[in-house]
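So you can see what is in the structure, the chains are spelled out below.
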Amino acid sequence: MTVLRLAYESLRSRMFTTGLTIFSIALSVLLLVGVDRIRQGTQVGFEGTLSQTDLVVGARGGSLPLLLYAVFHIGTANNDISYASYQYFAHHPAVLWTIPLSMGDSHRGFRVVATDDNFYEHYRYRGDHSLQFAQGSRAEGIFDAVLGSAVADQLHYHLGQQIVLSHGLQASFLKHTADPYTVVGILAHTATPVDRGIYITLWGDEAMHLGWENGAPPLTAIPESQIHKSDLQIKTISAFLLRTKSRMSTLFLQREINTYKPEPLTAIIPAFTLEDLWSVLSAADVALSLVSGAVLVVGLLVMLTALYTSLNERRREIAVLRTLGLHARQIFALFILESSLISAAGAALGLAAAYLVLFAIRIPVENRYGIPLAMVGFSARVAYYMAAVVVAGALLGFIPAIRAYRNALVDGLSAG
Amino acid sequence: MISPEAIHLKNVVFGYEPRTPVLEVGELVVETGKRVFLYGPSGSGKTTLLGLITGVLTPQQGSCAVLGKDMTKMSAPARDRHRGAEMGYIFQSFNLIPYLTVRQNVALPCHVHKRRRQNIVAQTVSKEVERLVARLGLDTHLDRNVKKLSTGQQQRVAIARAVIGKPRLVIADEPTSSLDANRRADFLELLFEVCDEAQATLVFVSHDRSLMERFEERIALSEISRGCA
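Here the residue index of a chain counts from 1 through its sequence in written order. Key to labels: chains lettered from A, ligands numbered from 1, both in the order written. Reporting in this predicted model follows two pLDDT cut-offs: at least 70 for local features of residues, and 80 or more for side-chain atom pairs to be given and counted; totals over whole chains, interfaces and linings ignore these cut-offs and use all residues. To get the side-chain values, all heavy atoms of the structure are used, and hydrogens and water are removed first.

Thoughts on the domain arrangement of chain A
Residue and element names in this part refer to chain A. Note the following rule: Domain borders in the structure are assigned automatically or taken from a domain database. Contacts were defined at the residue level, with two residues in contact if any of their heavy atoms lie within 4.5 Å. Only one rule defines a salt bridge in this text: a Lys or Arg side-chain nitrogen within 4 Å of an Asp or Glu carboxyl oxygen. Side-chain atoms alone can form a polar contact between residues adjacent in sequence; in general such a contact is a pair of N or O atoms within 3.5 Å, and within protein one must be able to donate a hydrogen while the other accepts it. Each helix is a run of H or I in the DSSP string that is no shorter than four residues. Each strand is a run of E no shorter than two, and both are numbered from the N terminus. Polar here means any residue other than Ala, Val, Leu, Ile, Met, Phe, Trp, Tyr, Cys and Pro, which are nonpolar, and Asp, Glu, Lys and Arg, which are charged; Gly is therefore polar.
Taken domain by domain, chain A holds domain 1 (2–46 + 281–415) and domain 2 (55–268). Taken residue by residue, the interface counts six residues in domain 1 and 11 residues in domain 2. Counting across the domain 1 and domain 2 interface gives zero salt bridges. The interface formed by domain 1 and domain 2 contains zero residue pairs in polar contact (both at pLDDT 80 or more). Broken down by element, the side of domain 1 that touches domain 2 gets its largest block of residues, three residues, from helix α11 (residues 328–369). Counted by class, the side of domain 1 that touches domain 2 contains two nonpolar, two polar and two charged residues.

Here it is, written out as structure tokens:
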């Protein structure tokens, strides 16, 4: 108890060097834990974005790009799929429901997704959460639009607002100015990329591009009032989500879609494709963890240097403690305690900072990059890091402690 | 029962390296309750001798009975306990733990050893510290950082820490060397007074023979030692 008190007071008296040492260890722990938490946070975030969907189907192509653009609004679709193929699988006997998705337009940086009622009906995230409306209702009319919560928040839009959509994903010169859309609903916050979308009907998507068959706006725009659903024919969509009636049939259906003769299609199982993504990213994760580990080593060496260089000026202190009846072992313990306290304080501070940073960047990252970052709790890996830092700190403390122990025995009372 | 001899060293041989003895003491006896002046020139092995008496060092040969216990027959932790519980020690300078306050420094022996805690006069350790520090005229410095004290003040704090909890033996190793001449007498007076109050045997080591006549017994290291240092 006395030794612990001594260690504490000793460190406190060297506030500046102690503080710097704790800070450098905390910084490396922040990096280590931060990298790990962000990794797990994105995994949980991505996995929570889509649930109950057995297959994601798009035009023939890579499975990862398909998943990223269809679900996470990252990247673009290379090819569309015909509405007829969609209809075929939507009415397939093994299929419970499908959600068509048609993308390619944007509004002030937010994606416009054309879909139908199935989206509001069947889309699920984080287990069994369904989409809720904060205000208004589903888009029914051709020029109706529903906003994700982030879109409404950031653009300060409200129900009844008229919005003009741009062609393509970048802020474009080509605007569908002729056909303004009206906000009829705003979705409740989901903390998934759904928040960053603007949802219109498949009819709306076709109407917007009426006369655009050449890739450029028609010379004479067709007035909104003259466009009716009966005039429009949905020809293509970008992708669709699919749920089977029985999970058992997923693999069979996947093969059927992949070998579908009339049109080259790709069907992926989202969880498997996410696994691929993580294995791609794990190399980056390892690299970052190694860098953080190196920073940790530096932090611990800073501590070792500070403790070791103080040894000489502390010989007198050791002699005094010896006359007070402290065993050489207790002198040893004093130094071990000092290094342990420093590393424990650094670990605790770094851990707290990591969670604080994660909490602080979560919303901005989600809003700016559309990467869903879940707030994740303690994990075995974090616990392991913490233990490793404290144990490494204590072990490094052995070096000055052994010196101090020897000094205590050899110097006797004549030190200084 | 109090042993009549506080210290009894016999045929002691000590070297920091086993084959090169630096100190050989035929016999050294200090009677209980005496104030003993132990003198010898610098480098004659005084501090080494004190290391043996306090049990920080162990001799290669001979016996080393201190306060009724033979240090050579005790384990290192037992010697440490014996020292901390029964002895107070004052160095020439830098006696104090730099990162503790005056109060914390003086109280240390009571926190380390139950025996010292049990022997206090006041009701609590904290009150005993205050009493002793006031006794030594430092009451206004109680909660100060010891680094802010003058050398003379630091030495007086060292006295307080050495005598708190009534150790049976107080050892002072050149405690006045860092003080100027007119302070030495005052310091010595104070040391005598508090040692008497604590009923402690005092072993005072110095090379400065001008202080010698104040002591009832004087031992020259050269007489007891077949010294080789």
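Next, the rest of the story.
Here we look at the interface of chain A and chain B
In plain terms, the rule: Summed over both partners, the accessible surface that disappears when two parts come together, traced with a 1.4 Å probe, is what is meant by buried area.
Contacts between chain A and chain B engage 27 residues on the former and 27 residues on the latter. Roughly 2200 Å² is buried in total at the junction of chain A and chain B, and carbon and sulfur atoms are behind 66% of that figure. Together, Thr323, Leu324 and Leu413 of chain A form the three largest contributors to the area buried by chain A at its contact with chain B, with a combined 28%. Its salt-bridge partner being Arg322 of chain A, residue Asp80 of chain B comes within 3.1 Å of it at the nearest N-O pair. Connecting chain A to chain B are seven residue pairs in polar contact (both at pLDDT 80 or more). Counting only elements with at least two residues in the side of chain A that touches chain B, the list comes to α1 (2–13), α10 (315–323), α11 and α12 (380–411) of chain A. Ranked by the residues each element gives to the side of chain A that touches chain B, the list is headed by α10 of chain A, at seven residues.

A few points about the sheet that holds strand β5 (residues 69–70) of chain B
All names here are of chain B. What counts is decided by this rule: Any two strands with at least two DSSP-identified bridges between them are counted as paired.
The sheet built from four strands is open, its strands ordered β2-β1-β4-β5 with antiparallel pairing. Unpaired on one side and paired on the other, β2 (23–31) and β5 mark the two borders of the sheet. Bridge count for strand β1 (residues 5–14) against strand β4 (residues 61–66) is five bridges, and the pairing is antiparallel. Looking at the pairing, His8 lines up with Ala65 of β4.

Thoughts on the packing of α10 of chain A against α12 of chain A
Residue and element names in this part refer to chain A. How we decide: Only C-alpha atoms enter the line fits that serve as axes; for helices the fit covers just the stretch in contact. Angles between N-to-C directions range over 0 to 180 degrees. Crossing handedness: left-handed means the near helix sits turned counterclockwise from the far one by under a right angle, and right-handed means the same turn made clockwise.
At a minimum axis distance of 10 Å, the contact between α10 and α12 shows a crossing angle of 65°. Seen from above, α10 lies across α12 with right-handed handedness. Counted together, Arg315, Ile318 and Arg322 of α10 and Ala404, Asn407, Ala408, Leu409 and Asp411 of α12 form the full contact between these two elements. Of the residues contributing to the contact of α10 with α12, the split by class is four nonpolar, one polar and three charged.

Description of the nonpolar core
If you look at soluble globular proteins, the nonpolar side chains tend to sit buried side by side. All names here are of chain B. Cut-off, in case you're wondering: Side-chain atoms within 4.5 Å are what join buried Ala, Val, Leu, Ile, Met, Phe, Trp, Tyr and Cys residues into a set we call a nonpolar core. Throughout this description, buried means an accessible area under 20% of the type-specific maximum (1.4 Å probe, protein chains only), exposed means over 50%, and partly exposed covers the range between.
Grouped together as the largest cluster of nonpolar side chains are 56 residues, with contacts concentrated most on Ile7, Leu28, Leu49, Ile53 and Leu169. Setting aside its immediate chain neighbours within four residues, Leu49 contacts Leu9, Leu23, Val25, Leu28, Leu38, Leu221 and Ile224. Counting residues in each nonpolar core, the second largest holds 43 residues, with Val133, Leu142, Val146 and Leu191 among its members.

With respect to the packing of helix α3 (residues 102–112) of chain B against helix α5 (residues 125–135) of chain B
Residue and element names in this part refer to chain B. Filter applied, for reference: Note on terminology: angles under 35 degrees are roughly parallel, angles over 145 are roughly antiparallel, angles of 65 to 115 are roughly perpendicular, and the others are oblique.
Contact pair α3 / α5: the axes reach a minimum separation of 9 Å and the direction vectors enclose 120°. Comparing the axis directions of α3 and α5 gives the class oblique. Here the hand of the crossing between α3 and α5 comes out right-handed. From α3, Val102, Arg103, Val106, Ala107 and Cys110 reach across to α5, where they touch Val125, Ser126, Val129, Glu130 and Val133. Tallied by class, the residues present in the contact of α3 with α5 amount to seven nonpolar, one polar and two charged.

Remarks on the state of the cysteines
How we decide: Cysteine sulfur atoms are paired as a disulfide whenever they fall within 2.5 Å.
Under the definition given, this model contains zero disulfides over all chains. In this structure Cys110 of chain B is not part of a disulfide, and its nearest cysteine sulfur, from Cys195 of chain B, lies 16 Å away.

Let's talk about helix α3 (residues 63–71) of chain A
An α-helix turns once per 3.6 residues; consequently, residues spaced three or four apart project the same way. For α3 of chain A, the set of buried residues is Leu66, Leu67, Leu68, Tyr69, Ala70 and Val71 of chain A. Taken from the residues just after α3 of chain A, His73 of chain A is the one with a positive phi, measuring 60°.

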